[in-house]
Amino acid sequence: MEVVICRDAAQVGIVAAEKVADRLRGRANPVIGLATGSSPLDLYAHLAKLVDEGALDLSQAYGFALDEYVGLAHEHPESYHAVIRRTVTEPLRMNPARVRVPNGMAADLVGAAQQYEEAIRAAGGVDVQVLGIGSNGHIGFNEPFTSFGSRTHRVPLTEQTRNDNARFFDSMDQVPTHALTQGLGTIMDSRTAVLVATGEHKADAVAAMIEGPVAIAMPASILQFHPDVHVVLDEAAAAKLA
Ligand code: F6R
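Cut-off values and rules
- Residues numbered from 1 in each chain as written.
- Predicted model: local features only at pLDDT ≥ 70, side-chain atom pairs only at ≥ 80, totals over all residues.
- UniProt positions renumbered as here; feature names shortened; annotations may be inferred.
- Contact = placed C-beta atoms within 7 Å.
- Helix = DSSP H or I, 4+ residues; strand = E, 2+ residues; numbered from the N terminus.
- Buried ≥ 20, exposed ≤ 12 C-beta atoms within 10 Å, placed from the backbone.
- Pairing = 2+ DSSP bridges.
- Axes fitted to C-alpha atoms, helices over the stretch in contact; angles between N-to-C directions.
- Parallel < 35°, antiparallel > 145°, perpendicular 65-115°, else oblique.
- Left-handed = near helix turned anticlockwise from the far one by under 90°.
- Nonpolar A, V, L, I, M, F, W, Y, C, P; charged D, E, K, R; others polar.

Student: Before we go on, may I ask you to explain the UniProt feature "active site" (unreviewed entry) in the chain in this structure?
Tutor: The feature "active site" (unreviewed entry), as annotated in UniProt, sits at D67, N136, H138 and E143 in this numbering. Among all residues touching N136, those that are not within four sequence positions of it are E143, P144, T158, Q160, T161 and A205. Here E143 lies in the loop between β6 (128-131) and β7 (153-156). The class for E143 is buried, based on 20 C-beta atoms found within 10 Å. If we skip the residues at most four places from it in the chain, E143 touches N136, H138, V155, L157, T158 and T161.

Here is the structure:
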């Protein structure tokens, strides 16, 4: 595990984006795994800059979002379908037909999850997985005590995660209670993972992920076993590292 500590969030985005771009360049059909939330926004903004400057071409790339809320219409501005379109597909000039998000509106969520796994496999697997981390240590929406071997699956969201994400909704009762998320096993299959975290509210989870025991109470700790993972932090998120 490589850990890079940057002076601020803007620098985190640049350093992390350069790592992502390095691993996507030169591949005919690169596959990028996409986190949503606030953490990767600077990273995506810098990737968009590289695309605008002609330093990166993602027109032939495939994208797979990590997760989606269950029961939130794809047209809802806070659905991850809408967020990925707004923050990734359009600014990075990706082909919308090649960017997928789990279908949290499917009547058959088990079937939708299996199809998602098959689509990732058919694209050749994820070259670079972009990750954030929840304040409780979740990655994707794999909450504490999720099996390390899990594949894409439906999960209940903890109260902590619903509270953390309430800022995107008008009221707490609008925050979805469940999500469809890539599993920890799915995430661990990525060839490279780049995790970004900023702010002091991430410091406990970051320290436990990097320096704590590998334990299902701290889902992100499984990344200690990932063969090529890069953690890019600002000083506040790194504050509790030994
Ligand atoms: C979202 C996701 C989550 C977030 C995490 C941190 O697709 O995978 O694991 O990365 O909840 O969210 P932010 O970045 O908003 O603090």
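Student: Help me understand the sheet that holds strand β1 (residues 2-6) in this model?
Tutor: Hydrogen bonds along the backbone pair up the strands of a sheet, which may run parallel or antiparallel. As summarised here, the arrangement of the seven strands in space is β1-β10-β9-β6-β2-β3-β5, forming an open sheet in which the pairing is parallel. Two strands bound the open sheet, and with one partner strand each, they are β1 and β5 (99-100).

Student: Just to check I follow, could you spell out unusual backbone geometry for this structure?
Tutor: A negative phi angle is the norm for most residues apart from glycine, just as the trans form is the norm for most peptide bonds. Despite not being glycine, R93 has its phi angle at roughly 50 degrees, a positive value. The residue R93 is located in the loop between α3 (80-89) and β5 in this model. Residue classification places R93 among the partly exposed positions, given that 14 C-beta atoms sit within 10 Å. Positive phi, normally seen in glycine, also occurs at F145, with a value near 80 degrees. Mapping F145 onto the fold places it in the loop between β6 and β7. With 11 C-beta atoms packed within 10 Å, F145 lands in the exposed category.

Student: I tried to follow the packing of helix α1 (residues 9-24) against helix α2 (residues 41-52) on my own but got confused; where do I start?
Tutor: Any two packed helices are characterised by how steeply their axes cross, that is the angle between the axes, and by the distance between the axes. Here α1 crosses α2 at 55 degrees, and the two axes come no closer than 7 Å. On the basis of the axis angle, α1 is oblique to α2. Crossing hand, α1 versus α2: right-handed. Counting all contacts with α1, which are made through A9, A10, V12, G13, I14, A16, A17, V20 and A21, the residues of α2 involved are D42, L43, A45, H46, L47 and L50. For the contact of α1 with α2, the per-class residue count stands at twelve nonpolar, two polar and one charged.

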